[in-house]
Amino acid sequence: MMQLNNDELKMLQNQKREKERRQDNKQHATKIDQGLRSVDSQTGPTRAIWELCQNARDLAEDCHIKIELSKDQFRFSHNGKPFDMDSLSSLIKQVSGQSKETDETVGQYGTGFLTTHYYGMKFFLYGSYQIGEDMYIDLDGFEIDRSHDPIDDLIEKITLQLTKTDELLNKPYSSECKEWTTFVYDLPEHHKNGAVEGLSAAIKQMPYVMLFNDRMTKCQIDDNINNVHMTFAKSQRPDENGMKVMRIDVERNGVNMPMNIYYLESESGEERIVLPLESPTKACRLDGISKLFMHFPLLGTEDFGFEFIFHSRNFKPEEKRNGLYLPDGNENNQKEAEQNIEVLTRMQAFLFKWLSEHISEIENTKALARLCFNPDKYENEEKADFIEGLRKVWTDFYAWRPMIPTTEGRMSAMDHRFYVLDHEIIQCLEKEGNIQHLSTICKYAQIGNENILPCTEECVEWSKIIAGWGELKLNPFIGVKDIAENVNERLDDLHDFLLFVKACKQDGLFTSYALIHNREGTLCKAN
């Protein structure tokens, strides 16, 4: 029997290692290829920014971030820990750079990082590469290229990039670590508009991202395409009215635009609820802001159903971070859905308790009263039923709160005297030129009975808000026909009401009700 000599054995061992490495890289390349194909072109530009911010947040106790967009580049910088052997190779292979996640970190360079390739399939790394204690090699444009066709190209590129990490060890090192780590993407021309929109969306949500991420303390954003330059910094302020207050100092092109965020926090600190308030006693809308966060926004939840922002580190988001796992009959997601239900229920109870105690102190309550739960948009029946159940919970809470301003003071929707205008009237009023009839409609709606409507200037909006609440135990809606039934005297502005009836195409009411006066001034039906 023959035996291999040392040279033959060494050659076969090298061949075996090379085949194993290629097979390993093929698995990584396949996963990267699949991930790149699933990047959502709509949410990709914004989610990419949050993925970069998440990785940066995990690398610094006092995290500072810089984002810069120009016509041909997207740059992202942070002041956290530099790359080391583990994190750089993990980025190349697109696997988590941490074997164990903690409460303060959420893992680095997972598949979500692939969304950053919206800004370019090729990017370059600048900063430091740590090879030992106080031993750093300069990263001066280390290239990671994910462009490929076919997938064999990507396998070769991964192999080459891993080889280059070995070659870095041949470079001289120093004891100085550079302050900033920077990712530079070559921005494709056809993605420039999306990049601008993504950056604009990120600017809008950044104050809340900073609130929900204690480590993130400063952020600078430069949109050189539109000449928009922003800085964000935060500081905790004293509590007010049972609320915590975070001040976000925002500067836009040299102009200071500070804002206070009022929020509730659970005893554990794991859950925070942002209240839609511009001051401790005045509500405002949070349009365009995601309503669900897990440190970062779950994109697509801007109209989840309520006007508050719920953040919990215990949420279980769907893989694309565009919503939560909710009941859908899928046993594989049942555990995650049950946990989300538990968290939402707990946070709702926490919020409702505070609102019960303080809503009487808040002005402009219409800004926080809108509900937009929409079961019809969910194809899955169980999920639709769950959303409908949420709407009923919120409706039942709001319906009994005396939060609607009227001429008789604040009333609840469940007061038997309270009415709002029905959908038909609102539709007609919102047509061009018809809003001029509003004061007359409100006046006539209260003739001959105890009807009390919201204050005229808020009547249309409250009518739409309450319509969005869904079915109530009492029917608070009054229509043109209901008003016509109670017109029993001639008033100075009767003509204005009749013009509105015609505008609503309700001419049949003239023959059913006494709405037109004869020569003697008596109201009568039309022939």
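Preceding this paragraph is the structure being described.
Reading the values: the criteria
- Residues numbered from 1 in each chain as written.
- Predicted model: local features only at pLDDT ≥ 70, side-chain atom pairs only at ≥ 80, totals over all residues.
- Heavy atoms only, no water.
- Axes fitted to C-alpha atoms, helices over the stretch in contact; angles between N-to-C directions.
- Helix = DSSP H or I, 4+ residues; strand = E, 2+ residues; numbered from the N terminus.
- Parallel < 35°, antiparallel > 145°, perpendicular 65-115°, else oblique.
- Left-handed = near helix turned anticlockwise from the far one by under 90°.
- Contact = heavy atoms within 4.5 Å.
- Nonpolar A, V, L, I, M, F, W, Y, C, P; charged D, E, K, R; others polar.
- Expected span 1.5 Å × (residues − 1).
- Bend = angle between axes of the 7 residues up to and from the residue.
- Buried < 20%, exposed > 50% of the residue type's maximum accessible area, 1.4 Å probe, protein only.
- Polar contact = N/O pair within 3.5 Å; in protein donor to acceptor, adjacent residues only side chain to side chain.
- Pairing = 2+ DSSP bridges.

Engineer: I tried to follow the packing of helix 2 (residues 44-57) against helix 5 (residues 192-212) on my own but got confused; where do I start?
Structural biologist: In helix packing, the relevant descriptors are the interaxial angle and the interaxial distance, both defined with respect to the helix axes. Two elements in contact, helix 2 and helix 5, have axes separated by 8 Å at closest approach and are oriented at 50°. By the angle class used here, helix 2 and helix 5 are oblique. Crossing of helix 2 against helix 5: the hand is right-handed. Between helix 2 and helix 5, the contacting residues are P45, T46, I49 and W50 on the first element and G194, G198, L199, A201, A202, Q205, M206 and V209 on the second. Considered class by class, the residues forming the contact of helix 2 with helix 5 number 8 nonpolar, 4 polar and no charged.

Engineer: Explain helix 5 to me, please; I cannot follow it from the model alone.
Structural biologist: The first and last C-alpha atoms of helix 5 sit 29 Å apart over 21 residues, in line with the 30 Å expected at 1.5 Å per residue. Most pronounced at Q205, the bend in helix 5 amounts to some 50°, and the proline P207 follows within four residues. With 15 of 21 residues buried, helix 5 is to be regarded as a mostly interior element.

Engineer: What's the story with helix 8 (residues 381-399) in this structure? I'm lost.
Structural biologist: Side chains of residues three or four places apart in an α-helix project in the same direction, reflecting 3.6 residues per turn. Look at helix 8: 26 Å from first C-alpha to last across 19 residues, which is about the 27 Å you get at 1.5 Å a residue. Next to the buried residues of helix 8 lie strand 17 (309-312), helix 6 (334-358), helix 7 (366-369) and helix 11 (456-469). Between the side-chain oxygen at the start of helix 8 and the backbone nitrogen of E382 there is a gap of 3.0 Å, and the oxygen is on N380.

Engineer: Is there a simple way to explain the pairing of strand 8 (residues 228-240) in this structure?
Structural biologist: A regular strand carries its side chains on alternate faces of the sheet. Across 6 bridges, strand 7 (residues 216-223) lies against strand 8 in antiparallel orientation. Looking at strand 8, one finds that K218 is bridged to A233. Looking at chain direction, strand 8 and strand 9 (residues 243-252) are connected through 9 bridges and run antiparallel. Paired with S235 across the bridge in strand 9 is R247.

Purely geometric stuff here, so don't read any function into it on its own.
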